[in-house]
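Structural features, examined
Letter by letter, the chains look like this.
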Number of protein chains: 2
Amino acid sequence: MWYALFMRKPYVVSINDIRLTSVLHALSDPRRLQIVMSLKGNAEQNCAIYHDMMPKSTLTHHLKVLREAGVAKVRIEGTQHFYSLRTEDLEQLFPGLLTAILNVQSELISH
Amino acid sequence: MWYALFMRKPYVVSINDIRLTSVLHALSDPRRLQIVMSLKGNAEQNCAIYHDMMPKSTLTHHLKVLREAGVAKVRIEGTQHFYSLRTEDLEQLFPGLLTAILNVQSELISH
DNA sequence: GTCAATGTTCTAGTTTTTTAGTATGAATGA
DNA sequence: TCATTCATACTAAAAAACTAGAACATTGAC
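Structure report, in brief. (Residues numbered from 1 in each chain as written. Chains lettered and ligands numbered in written order. Predicted model: local features only at pLDDT ≥ 70, side-chain atom pairs only at ≥ 80, totals over all residues. Heavy atoms only, no water.)

**Quick word on the nonpolar core**
With 72 residues, the main nonpolar core has Val71 and Phe94 of chain A together with Val71 and Phe94 of chain B as its most contacted residues. Contact partners of Val71 of chain A, with chain neighbours within four places excluded, come to Val23, Ala26, Leu27, Val36, Leu66, Ser84, Leu85, Arg86 and Leu90 of chain A. (Core = buried A, V, L, I, M, F, W, Y, C linked by side-chain atoms within 4.5 Å. Buried < 20%, exposed > 50% of the residue type's maximum accessible area, 1.4 Å probe, protein only. Contact = heavy atoms within 4.5 Å.)

**Observations concerning helix α3 (residues 56–69) of chain B**
Residue and element names in this part refer to chain B. With 14 residues, α3 extends 20 Å from end C-alpha to end C-alpha; this agrees with the ideal 20 Å at 1.5 Å per step. Taken as a whole, α3 has its buried residues at Leu59, His62, Leu63, Val65, Leu66, Arg67 and Ala69. Contacts from the buried residues of α3 go to α1 (20–27), α2 (30–38), β2 (72–77) and β3 (80–85). Phi for Gly70, located one or two positions after α3, is positive at around 90 degrees. (Helix = DSSP H or I, 4+ residues; strand = E, 2+ residues; numbered from the N terminus. Expected span 1.5 Å × (residues − 1).)

**Thoughts on the relation of the copies chain B and chain A**
Rotating chain B by 180 degrees about the axis while translating it 0.0 Å along that axis superimposes it on chain A, leaving an RMSD of 0.0 Å. Here the copies are linked by what is in effect a two-fold axis. A share of 100% of interface residues in chain B that are also interface residues in chain A marks the association as one of identical surfaces. (Least-squares fit on C-alpha atoms with pLDDT ≥ 70 in both.)

**Some points on the interface of chain B and chain A**
On the side of chain A, 26 residues touch chain B, which itself brings 26 residues to the contact. Where chain B packs against chain A, one counts 0 salt bridges. Along the contact surface separating chain B from chain A lie 10 residue pairs in polar contact (both at pLDDT 80 or more). Among the elements that make up the side of chain B that touches chain A, the one with the highest residue count is α1 of chain B (6 residues). Tallied by class, the residues present in the side of chain B that touches chain A amount to 15 nonpolar, 7 polar and 4 charged. (Salt bridge = Lys/Arg side-chain N within 4 Å of Asp/Glu carboxyl O. Polar contact = N/O pair within 3.5 Å; in protein donor to acceptor, adjacent residues only side chain to side chain. Nonpolar A, V, L, I, M, F, W, Y, C, P; charged D, E, K, R; others polar.)

Below, the structure is given as structure tokens:
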């Protein structure tokens, strides 16, 4: 379609629209938090590594929540999507928050 | 007083049962986060100050979520309930987390 | 063009959460 | 005892979130 050129880049939430409640909500789901933990240390992950965690459509949903909250961003390369955390943006808005969360021991994450 | 022994103590979540996802979920609601912010700096607040924010039963619900997640605790004095944050427990489990959240500027909290 | 690989969108069913009215309980003072 | 205050419990309805199957879209290789 004619607008395909504009859709190649996924919508990214402006740093000015990131809000704490949305970020906390995005991080409050065990599966999303697991995804976020896997992106620790500026890691970039392809969706494929999560496919044993959940069905594709469920994964897409969770990644969308993370993107729309401003927690994660995606880089598209061919047919593959590579996800990473918006570490700098989050640090700027909420100093120390992401670090504190990423440092939590796995036993304390969820029941 | 002798009958103090029979006084109902509110259920308190053991520190061993506090989980990050539950804490983040509790903090992800704008009204609950507003309550938490009002408890900053070891403040202790009586429920009454929140009564212009929402109906009593709604307030009770939100306070219960905060208590059950291990974010807040309550001290009962007569008919009044005084709420405060479990600052030390949270700092022990999730170093830096609560501080990071309490330091967020109000404009960045919610839409 | 056709095909396979990779993800998204659409949709619906289920579960969880939020809200708030009403009823109930516990403590206090007259 | 009785009324009052303060807060929780119960209940039901509405809203939001989660899950996942099926269809669709995009890319790259042949």
